[in-house]
Amino acid sequence: MSAQDGTTAPAPDLSVDFAGIALRNPVLTASGTFGYGVEFGPFLDLTRLGGFVAKSLTVDPRHGNPPPRIVETPAGMLNAISLENVGVDDFVATKLPAIPDGVPVIASVFGTEIDRYAEVCKRLTGVPKVAGLEVNASCPHVKAGGIEFGQDPQALATLVAACRSATDLPLVIKLSPNVTSPAEMARVCEGEGADGIAAINTLQALEVDPETRRPALANVLGGLSGPAIRPVAQRIVFQIAQAVSIPVCGMGGITCAADAVRFLLCGATAIQVGTANYLNPEVAGEIVEGLAAYCERHGVARVADLVGALDRS
Ligand SMILES: Cc1cc2nc3c(=O)[nH]c(=O)nc-3n(C[C@H](O)[C@H](O)[C@H](O)COP(=O)(O)O)c2cc1C
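If you're wondering where the values come from, they're calculated on a predicted model, not measured in any experiment. One numbering rule holds for all chains: residues counted from 1, following each sequence as written. Under the rules for a predicted model, residues below a pLDDT of 70 receive no local features and side-chain atom pairs below 80 are neither given nor counted, while totals for whole chains, interfaces and linings still include all residues.

*Asks:* What is the right way to read the pairing of strand β9 (residues 171-174) from this model?
*Replies:* On any regular strand, side chains alternate: one points to one face of the sheet, the next to the other face. Here a residue counts as buried when 20 or more other C-beta atoms fall within 10 Å of its C-beta, as exposed when 12 or fewer do, and as partly exposed in between; the C-beta atoms come from the backbone. To qualify as a helix, a DSSP run of H or I must reach at least 4 residues; to qualify as a strand, a run of E must reach at least 2; elements of each kind are numbered from the N terminus. Burial of β9 is two-sided: the residues Leu 171 and Ile 173 facing one way and the residues Val 172 and Lys 174 facing the other way are all buried. DSSP-based pairing: two strands are paired if at least 2 bridges between them are found. Two elements, strand β8 (residues 130-136) and β9, share four bridges in a ladder whose sense is parallel. Paired with Glu 134 across the two strands is Val 172, which belongs to β9. Where β9 and strand β10 (residues 196-199) come together, three bridges link them in parallel fashion. Note that in β10 the partner of Ile 173 across the bridge is Ile 197.

See the structure below:
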């Protein structure tokens, strides 16, 4: 960018510190929508991203729900994949080595019981390339675990405490939007030693096929994601950011740089791109470029200056 005196202004500083993880920019990809990262290598240079969050991992490999488990809805999609994954040990042995050096990997942790979550945390601690852990306390379509932990403050506190004592890695807790007060849940996490909050996971939802008169998903209920949920997600990120002093990673319906800016202004320190990856596997890289262009256009020297800078005057 040319400054008024004809000199070239320095490129904006896109780096942020999220929960003790140094990111070259605040754009990550969301768990479950970006595989184990390696699948996106042909489309996107992963080193352009701030980092990525891998598919949630359990101690043992897990099969998902029977099909149909994805359905398109207006401005979004409903899924009930149910945390199908290769298991933590296979992830470490076969997926991680293919990730280029210098790409911060945040591993997502899931379990049907608290000690299973803690075991996954333990197995990921000290593993090269794993920069931090995101505990999925919020999957809305798994029969045991997930949603219960994310909806009951006491269970959530026990879960966070168990994960905290299992790892010294940066610990981020991903919260459910399917609660009355996400801010209260975030405070519980902060009180138990979490380093950051991620919000939001999908909204519990139901789609119906009027011809067959059946639910569109075999699981009946699923999780709604995509642009339809973005204003809800922004509201929740805003409320959480006001309630805690640990940083928030915001997501829900982000499709472009303007959406990323919206979340930063609401108080997110970093953001994640989820459903949009299905439409355009390069979108997260494009958002990084769009964010830099936004900063240049608005004379923002450091992207971190946008965090929580919503003008309510
Ligand atoms: C197909 C699919 C699978 C997902 N799997 C996971 C998962 O394994 N773990 C998790 O924490 N979130 C999972 N999510 C939720 C996303 O990470 C994200 O929180 C949510 O989709 C909202 O962001 P978006 O609207 O940009 O997709 C999944 C979402 C989708 C659409």
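*Asks:* Before we go on, may I ask you to explain the sheet that holds strand β11 (residues 203-206) in this structure?
*Replies:* Through backbone hydrogen bonds, the strands of a sheet pair up, either in parallel or in antiparallel fashion. Taking strand neighbours across the sheet as the criterion, the four strands line up as β5-β6-β14-β11 in an open arrangement whose pairing is antiparallel. The outermost strands of the open sheet, each flanked by one partner alone, are β5 (70-73) and β11. The sheet shows a mean angle of 40° between the axes of neighbouring strands, taken without regard to direction. Judged from the three bridges that link them, strand β6 (residues 76-79) and strand β14 (residues 221-225) form a sheet pairing that is antiparallel. Across the sheet, the residue bridging to Asn 79 is Gly 223, located in β14. Angles run from 0 to 180 degrees between N-to-C directions of axes, and those axes are lines fitted to C-alpha atoms, restricted for helices to the stretch in contact.

*Asks:* Whenever I open this one, the sheet that holds strand β7 (residues 105-109) confuses me. Can you help?
*Replies:* Spatially, the eight strands close up into a barrel ordered β3-β4-β7-β8-β9-β10-β15-β16, and their pairing is parallel. Adjacent strand axes in the sheet meet at a mean angle of 25°, parallel and antiparallel pairs treated alike. Summarising the sheet, strand β3 (residues 27-29) and strand β4 (residues 51-53) pair through two bridges and their orientation is parallel. Along β4, the bridge assignment pairs Thr 29 with Phe 52.

*Asks:* Please explain the site of the ligand as it appears in this structure.
*Replies:* Only the C-beta atom matters for this test: placed from the backbone, it must lie within 6 Å of a molecule or strand for the residue to be near it. As a structural note, the neighbourhood of the ligand is formed by 24 residues, with Ala 30, Gly 32, Ser 225, Gly 274 and Thr 275 the closest of them. Three classes are used, and their members are as follows: Ala, Val, Leu, Ile, Met, Phe, Trp, Tyr, Cys and Pro are nonpolar, Asp, Glu, Lys and Arg are charged, and the others, Gly among them, are polar. When grouped by side-chain class, the residues that make up the shell around the ligand number seven nonpolar, 15 polar and two charged.

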